[in-house]
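Each chain is listed here by its residues.
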Amino acid sequence: MLRASGGTFKVSSWSWVVPAAGKQVGPVRRAHVSQPKLIHYRHAIFTLKVFLTAALRKKTIIASPPTWCRRMSLETKHRILLLYASQQGQAKAIAEEIAEEADGKGFVADICCVSQLEKFNLEKERAPVVIIASTTGSGDLPETAKKFGQELNSTFPAHHYSHIKYAVLALGDSNYCLFANGGKIIDQRLQQLGAEHFYATGYADDGVGLELVVEPWIQGLWDALKDVCQKKEEINDGVAKMLDTNDGSTANKLDFKNLNALAGLELLRIEANVPTVAEDSVISSESVEQNCIVAGPQENCLVPNWVKFETPLSETALNIPTLPVEYLNMEFQEGTEQVSQQEFFSLAPNFTVFQVPVTKAISLTREDAVKTALFLELDISKTSMTYEPGDAFSVICPNSRSEVEELIWRLGLADKRDRVVEISMRPNNKKKGAHLPEHVPKQSTLQFILTWCLEIRSVPKKACLRALAEYTSDSCEKRRLQELSSRQGAADYNRCLRDHNICLLDILRALPSCHPPFSLLLEHLPKLQVRSYSAASSSDYYPGKLHFVFNIVEFPSSPEKPVARRGVCTGWLAEQAIPILHSYESIATIGDCMSNGFPLPQISIFSRQNTLFRLPTDAAAPIIMVGPGTGIAPFIGFLQHRQKQKEENPDFDFGETWLFYGCRHHDRDYLFRNELRSFQTNGTLTQLKVCFSRDLPKDTTEGKPKYVQHLLQLFAENVTKMLLSESGYLYVCGDGKNMAKDVANSVTEIVSEKLGVDTLAAMKIIANLREEKRYLQDVWS
């Protein structure tokens, strides 16, 4: 059955637009299209299918097609291969957005994760290839792309992929070194093997907002795909021309000179379809009452600023994205069931997970410090886990208990929190690449899924906001969600939601008429990510122990987010540590701390090796360590390891060790000060240079260094000598958004000044140090 009056019908890869009689074709003015009149064309379409199939197989046409067929333009849907390499779900979400949009742009997208090597074969691929790739770690490919990377690095002849036409969208964060390097690795290797770009590579920066590059890149992708598919378009035009000129008097013959190209033209199953929402529908502000009052949370609660309408956006017609296809069914099984311990280990299926006790907890900062830093010691003696100084490890952490409870209540599922959730695929759903969420173990309860599986603190993507709008009854609230998901609302999305880390619970609090089903959360919320920390110890110095330090992340309340929160993992770890917590002021060294006899809290961890951020293999090489705040963590492990080396090799001439450390106040947040003095006293640490950014100098005329980059400049001569004359190593750990960039600028200035070269030449010298793995960073934002 085909929709004909003012709608669209398809013969799979063929598509016609049929305007209503006497009506002008134009943009859709509302989110939903009224149901058009249905006309039975089964016999006519069957005739057309037989007719075209005969033309393709026999290369001749026996009779003229019906007149109504000859007058319609034919549009071929070309196939594209869409690959994604995702670490935290962003690349996957973007790929799914492209796949959903492809249908309306005249393409059929086969979407695969690059880990699914059995589902695609680049050696035989003839369709255009679009790759969305994230970056993780120190410019590495995501875990899901490891095998794909190994496949690309196989010994292939030059021009092995010369038949491939491809485009890459590389995701990254400019706060880290090797920006968007995951996509660059794939791009460079494909180029080396002869593949050709059909569209310029895009570099999207999560540091300022991926949407700033992603949206225009996708918008330009379709024209580039149309150009690269021109060959198929010409074949389709030839078929259409033949249909138009056949008068039925003789048997016209088609001379198909390129049968291989013709094979790409497929007649697929006839499919009648009119989407309930037009692609990039235009929503007019006329459908929203102009003087409505924005509904807010409970009485006496503040309405967040982002909910309020602002002109001119509130008076603008909106281009909203296609309504995402809902593809999951969710049912609650009768009875309740306890989640087994094995479920926790399945949350990190590619790693060996260990459950270990927290044996020590120390507050390293005074109560009046701006930030609270905690030191934790883990007992790993009964596990097979190993690590080296500079390595990291990941913690499997849960969402906040109170937030999970509030979300369950808000969803109206309080009586089902302990019921097992059965998740299945909706039959005949049209979601591209749809599959069950792999991060949700089978036989999981509602409480377990929201606690351990879904990142409920993530900023909802635009597709999620678009889906939430369909479950929002208040017209003003619905309009606001449509604005934030629209092209016109891109600035509002970044300024109101992204910059303030507005999460789903914030949205549900602010928009009381929004009532999404739990299945929608399963479809749109990403996997709850593990949190990684640098080891602050050496296993040679503390056998069977693993130390780490962190600041408790605080998110104060604001007009955009009236509820104050703590970081997901740091808040949870701080809560676990309360029974055994000591003050740093009450102990001489960390080794003196005891557990107070309380039951020890348990956490689940797994190792994350950092093979680059290690002490030099040549112990005679000097090292410069720059680590303000908690960035000092890996350097405590370095110094412990170096002390052990010196004890075991008393006659060896070790290289100098310099540490540049900074904090706000000498007496409030000077981390590990007793240990550092000890390292200095026994000769492990050659030079300790410290600055305090908030302590005013006694002599106000004296220009004291405020930050670590200023300390480096004070000792520019020594830094230049160790790095360039003595082949030393520079390590930087801590804030990547500001500190790491400022340090890099200072080192560039030092090299420029001391060597008498211009800035560009100095930058090349620094780049060479990075290339030689002698300028190393372990940073976060």
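From a predicted model like this one, the values you see are computed outputs, not experimental measurements.

Student: What exactly am I supposed to notice about helix α21 (residues 716-725) here?
Tutor: Note: α-helices contain 3.6 residues per turn, so residues at a spacing of three or four share the same orientation. Those residues of α21 that sit buried are A716, V719, T720, M722 and L723. Of the residues one or two after α21, S727 is the one with positive phi, at around 55°.

Student: What exactly am I supposed to notice about the packing of aromatic side chains here?
Tutor: Aromatic ring pairs are defined here through the distance separating the ring centres and the angle between the ring planes. The full count for this structure, using the stated rule, is 24 aromatic pairs. Taking 5.0 Å as the distance between ring centres and 80° as the angle between the ring planes, the aromatic pair formed by F393 and F548 counts as edge-to-face. Placement of F393 in strand β16 (residues 392-396) and of F548 in strand β19 (residues 545-551) is noted, with a sequence separation of 155 residues between them. F548 sits in the buried class, given a relative accessible area of 0%. Here a set of aromatic residues connected by ring pairs shows up, and it is made of F613, F635, F638, Y729 and Y731.

Student: How should I be thinking about the environment of L615 in this particular structure?
Tutor: Relative to the assigned elements, L615 resides in the loop between β23 (602-608) and β24 (623-626). When the C-alpha atoms of L615 and G637 are compared, they prove to be 9.9 Å apart, with 22 residues separating the residues in sequence. Filtering out sequence-adjacent residues up to four positions away, L615 remains in contact with I623, F638, H641, R642 and Y731.

Student: Would you take a moment to explain the packing of helix α6 (residues 211-228) against helix α14 (residues 490-498) for this structure?
Tutor: The packing of two helices is summarised by the inter-axis angle and the distance between the axes. Running from N to C, α6 and α14 cross one another at 150°; their axes reach a closest spacing of 11 Å. By the criterion of interaxial angle, the relationship of α6 to α14 is roughly antiparallel. Relative to α14, the crossing made by α6 is right-handed. On α14, the residues touching E211, L212 and E215 of α6 are A490, Y493, N494 and R498.

Student: Would you mind going over the pattern of salt bridges with me for this structure?
Tutor: Any two side chains of opposite charge can pair, so long as their charged atoms come close to each other. Per the stated rule, a full pass over the model turns up 36 salt bridges. We note a salt bridge from K462 to E215, for which the minimum N-O separation is 2.5 Å. With K462 in helix α12 (residues 462-469) and E215 in helix α6, this residue pair connects regions lying 247 residues apart in the sequence. Assessed through its relative accessible area of 11%, K462 is described here as buried. For D379, the salt bridge goes to K545, with nearest N and O atoms at 3.9 Å.

Student: How should the sheet that holds strand β28 (residues 775-780) be read in this particular structure?
Tutor: Strand pairing in a sheet is mediated by backbone hydrogen bonds. Such pairs are either parallel or antiparallel. Read across the open sheet, the five strands follow the order β26-β25-β24-β27-β28; overall the sheet is parallel. Looking at the sheet topology across the chains shown, the edges are occupied by β26 (687-692) and β28. If you compare each strand with its neighbour and ignore which way they point, the axes differ by 10° on average. In terms of strand pairing, strand β27 (residues 729-735) meets β28 through six bridges, oriented parallel.

Student: What is the right way to look at empty space enclosed by the protein in this model?
Tutor: It is the rolling of a water-molecule-sized probe over the atoms that shows where space remains empty. Using the criterion set out here, one finds six cavities of 30 Å³ or more in the structure. Quantified by volume, the largest cavity comes out at close to 70 Å³. Lining of the largest cavity is provided by L347, I396, C397, H439, W452, K527, L528, Q529 and V530. Grouping the amino acids of the lining of the largest cavity by side-chain chemistry returns six nonpolar, two polar and one charged.

Conventions used here
Residue positions are given per chain, counted from 1 along the sequence in the order it is written. Reporting of local features is limited, given that this is a predicted model, to residues whose pLDDT is at least 70; pairs of side-chain atoms are given and counted only at 80 or more, and all residues count toward the totals for whole chains, interfaces and linings. Note: side-chain values were computed over all heavy atoms of the structure, leaving out hydrogens and water. Classification of residues uses two cut-offs on accessible area relative to the type maximum, computed with a 1.4 Å probe and protein chains only: under 20% is buried, over 50% is exposed, and between them is partly exposed. Each helix corresponds to a stretch of at least 4 residues labelled H or I by DSSP, and each strand to a stretch of at least 2 residues labelled E; elements are numbered beginning at the N terminus. Only Phe, Tyr and Trp rings take part, Trp by its six-membered ring, and two of them pair if their centres are within 6.5 Å. Stacked means planes under 30 degrees apart, edge-to-face means over 60, and tilted covers everything else. Contacts were defined at the residue level, with two residues in contact if any of their heavy atoms lie within 4.5 Å. Here an angle of 0 to 180 degrees is reported between the N-to-C directions of two axes, which are lines fitted to C-alpha atoms, with helices fitted over the stretch in contact. Geometric relationships in this document are graded by angle, where less than 35 degrees denotes roughly parallel, more than 145 denotes roughly antiparallel, 65 to 115 denotes roughly perpendicular, and other angles denote oblique. For any pair of crossing helices, the crossing counts as left-handed if the nearer helix is rotated counterclockwise from the farther one by less than a right angle, and right-handed if it is rotated clockwise. Whenever Lys or Arg places a side-chain nitrogen within 4 Å of a carboxyl oxygen from Asp or Glu, that contact is recorded as a salt bridge. A pair of strands counts as paired when DSSP detects no fewer than two bridges linking them. As defined here, a cavity is a set of points on a 1 Å grid over the protein atoms alone where a 1.4 Å probe fits but cannot get out. A pocket is an open set with protein on both sides within 12 Å along at least five of seven lines, and residues line them when an atom is within 4 Å of a point. Grid points are joined across faces, edges and corners, and a volume is the space filled by probe spheres set on the points. Three residue categories are used. Nonpolar comprises Ala, Val, Leu, Ile, Met, Phe, Trp, Tyr, Cys and Pro, charged comprises Asp, Glu, Lys and Arg, and polar comprises the others, including Gly.

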